[in-house]
Every structure is written in C-alpha cells, then in structure tokens.
Amino acid sequence: MNIADQTFPAADSANEDRAQAIRDQLRDAIVDRRLAPGTKLSEGEVGTLFDVSRTVARAALQMLSFEGLVRTERNRGAFVANPSPEEARQVFASRRLIEPGIAIAAAGRMTPAHVAAFKTQLEEEGRFIAERGPSARRSEIKASGDFHLLLASVAGNVILQRFMEELVARSSLVIALYGRSGVSSCGHSEHMQILEALENGSSERASALMLRHIDHIEADLDLRVRGGPALRQALEL
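Residues numbered from 1 in each chain as written. Predicted model: local features only at pLDDT ≥ 70, side-chain atom pairs only at ≥ 80, totals over all residues. Heavy atoms only, no water.

Trainee: Please explain the overall build of the protein chain as it appears in this structure.
Mentor: Looking only at helices and strands, one finds 11 helices and three strands in the protein chain. Sequence-ordered secondary structure for the protein chain, helices as α and strands as β, is α-α-β-α-α-β-β-α-α-α-α-α-α-α. Taken across its 237 residues, the protein chain has 39% of its residues classed as buried. Considering only residue pairs separated by 6 or more positions, the protein chain has 75% of its internal contacts joining residues 24 or more positions apart. By element, 51% of the accessible surface of the protein chain is carried by carbon and sulfur atoms, the whole surface being about 12,700 Å². (Helix = DSSP H or I, 4+ residues; strand = E, 2+ residues; numbered from the N terminus. Buried < 20%, exposed > 50% of the residue type's maximum accessible area, 1.4 Å probe, protein only. Contact = heavy atoms within 4.5 Å. Areas by Shrake-Rupley, 256 points an atom, 1.4 Å probe, with all protein chains shown as cover.)

Trainee: Would you take a moment to explain the packing of helix α6 (residues 112–130) against helix α9 (residues 188–199) for this structure?
Mentor: How two helices pack is summed up by the angle between their axes together with the distance between the axes. α9 packs onto α6 with a crossing angle of 170° between their chain directions and a minimal axis gap of 10 Å. Classified by the interaxial angle, the pair formed by α6 and α9 is roughly antiparallel. Counting all contacts with α6, which are made through V115, F118, K119, L122, E125, G126 and I129, the residues of α9 involved are H188, H191, M192, L195 and E199. (Axes fitted to C-alpha atoms, helices over the stretch in contact; angles between N-to-C directions. Parallel < 35°, antiparallel > 145°, perpendicular 65-115°, else oblique.)

Trainee: Just to check I follow, could you spell out unusual backbone geometry for this structure?
Mentor: Glycine aside, residues mostly have negative phi angles, and peptide bonds mostly take the trans form. Phi is positive for D51, close to 55°, though the residue is something other than glycine. Looking at D51, the relative accessible area reads 70%, which means it is exposed. Phi is positive for N75, close to 65°, though the residue is something other than glycine. By relative accessible area, N75 is classed as exposed at 80%.

Trainee: I keep staring at the sheet that holds strand β2 (residues 70–73) and nothing clicks. Help me out?
Mentor: The strands making up a sheet associate through backbone hydrogen bonding, with each pair oriented either parallel or antiparallel. With respect to topology, three strands assemble into an open sheet ordered β1-β3-β2, the strand pairing being antiparallel. Only two strands of the sheet have a single partner each, and these edge strands are β1 (40–41) and β2. Direction of pairing for β2 relative to strand β3 (residues 77–80): antiparallel, over a ladder of four bridges. Counted as the bridge partner of R71 is F79 from β3. With respect to the sheet, helix α4 (residues 54–67) is in contact with β1, β2 and β3, its orientation differing from that of β2 by roughly 110°. (Pairing = 2+ DSSP bridges.)

Trainee: Please clarify how the nonpolar core should be interpreted in this entry.
Mentor: It is characteristic of soluble globular proteins that their nonpolar side chains tend to be buried jointly. By size, the foremost hydrophobic cluster in this structure holds 35 residues, and its most contacted members are F92, L151 and L198. Of the residues forming this core, the biggest block, eight residues, is contributed by helix α5 (residues 85–107). Filtering out sequence-adjacent residues up to four positions away, L151 remains in contact with I102, A103, A106, F118, L198 and M210. Counting 25 residues, the second largest nonpolar core, distinct from the first, contains L26, I30, F50 and L173. (Core = buried A, V, L, I, M, F, W, Y, C linked by side-chain atoms within 4.5 Å.)

Trainee: Would you mind showing me how to read the pairing of β3 here?
Mentor: Taken residue by residue, a regular strand's side chains alternate between the two faces of the sheet. Taken together, the two bridges between β1 and β3 define a ladder with antiparallel strand orientation. Pairing of K40 across the sheet is with F79, part of β3. Here β2 folds back onto β3, and the loop between the two strands holds three residues, one of which, N75, carries a positive phi near 65°.

Below is the structure:
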C-alpha cells in the first residue's frame with residue numbers, strides 16, 4: 001500500500017484522483033525548478049489554486065513528502081525540499097545499487113518496439129542538448145531522467161519502477177541544484193551506448209555501462225560544502 005492508498009477511503013476515489021493530479025503538477029514544477037527549493041507550499045494556497053479542499057491539498061503534499069520532494073516542519077508547514085550534498089550522494093549511491101540490475105533485466109526483455117521508443121526518446125534528448133538557456137537545461141534534465149524511467153519500465157518490475165520514479169525525481173532536483181554549468185546532466189552519448197548494449201542483448205555490458213554512467217553523473221555535480229558570505233560581503237558594502 002502506498003501513501004495515496006492510505007489517504008482516502010476507497011469510496012472517495014474522486015478526491016484521491018484529484019490529489020494525485022495535484023501531486024503530479026507540483027512534482028513537475030519542483031523537478032523543473034519552477035518551484036525553487038525552500039518555497040513554502042501552504043495547504044490553503046494549494047487548495048485555492050486547484051479549487052479543492054485543504055484535505056485534498058494536504059494529501060497531495062503528503063505524497064510529495066513521501067517521495068522526498070517536500071519536507072514538512074512542525075508548526076511551519078510544507079516546503080520544497082532542499083537536498084544537502086550528503087543527501088545527494090545517498091541518492092546516487094542508491095542508484096548504483098539498483099540500476100545495473102535494472103539494465104540486466106531490461107536486456108532480456110527488449111523488443112523492436114522498445115528499441116524504437118528508446119530511439120525516439122534519445123532524439124528528443126539530443127534536441128534539448130543542442131539548445132541553450134535555462135528552459136532547455138530543465139528540459140534536458142527531464143529528458144535524461146525519462147531515459148532511466150523508460151529502462152525501468154522495460155525491466156518489468158513494478159516495485160523497482162516506483163523506486164526509480166522517486167530516485168529520478170530526487171536526482172533531477174539534485175542535478176538542477178548542484179550541476180555544473182554547461183555540463184550535460186546525463187551523458188547523451190552514454191545513453192546511446194547503453195541502448196546499443198541492450199539492443200544486442202549484452203546484459204553485462206549494459207550493466208557495466210550503467211554503473212559508469214551513474215558515476216559520471218555524480219562527478220558532474222559540485223557537492224563541495226561552502227560557507228556563506230558574511231553579511232557585509234553579501235550586501236557588497
């Protein structure tokens with residue numbers, strides 16, 4: 001049973017569906033950095049914006065909290081998560097444990113239709129990489145994550161697919177926060193190599209390429225802990 005299942009009785013499926021739809025819209029805004037880390041998410045404001053009760057708004061925020069995209073503070077409310085460098089490292093440590101196995105499982109299930117879907121996804125990813133600007137950068141991060149979600153879908157394990165949805169969402173937020181400027185968030189050429197291995201049924205090679213790929217993603221992040229400037233420096237006085 002997931003958090004959505006626990007929120008409403010079965011008879012109230014309309015409210016549950018509405019909460020899920022609100023969660024999806026807020027999740028996209030967080031991952032795309034349209035909602036900045038630390039932004040307060042008031043139940044009342046969310047309810048007003050989506051024309052739902054505070055109960056439905058609260059359920060949507062609880063779903064996001066369960067995924068790690070929102071943090072809740074006692075007597076203060078909900079805020080967009082602001083992952084620390086250590087939390088970022090833990091996200092990628094989790095991906096190293098899970099994704100090589102997903103690649104192995106997917107290699108044994110690939111069909112021509114799957115290959116075509118991957119190629120279409122990579123074409124879209126390539127277009128965003130060729131573009132410039134913050135909007136293109138956000139789209140590239142999302143398209144890169146979609147490659148990994150598609151792979152999890154092909155692997156055929158629903159439980160792992162749900163784990164990957166959470167990990168990719170958290171990774172996208174981390175990459176948007178800590179990714180070095182001008183560096184591709186998730187190597188397009190490495191995705192192409194992984195697809196080639198999958199298409200050839202080379203499960204061990206696909207797994208090894210995935211592990212190296214995740215290492216490269218994390219290496220592209222600047223996770224150094226820095227102290228903030230003094231007040232005088234921040235205000236340039």
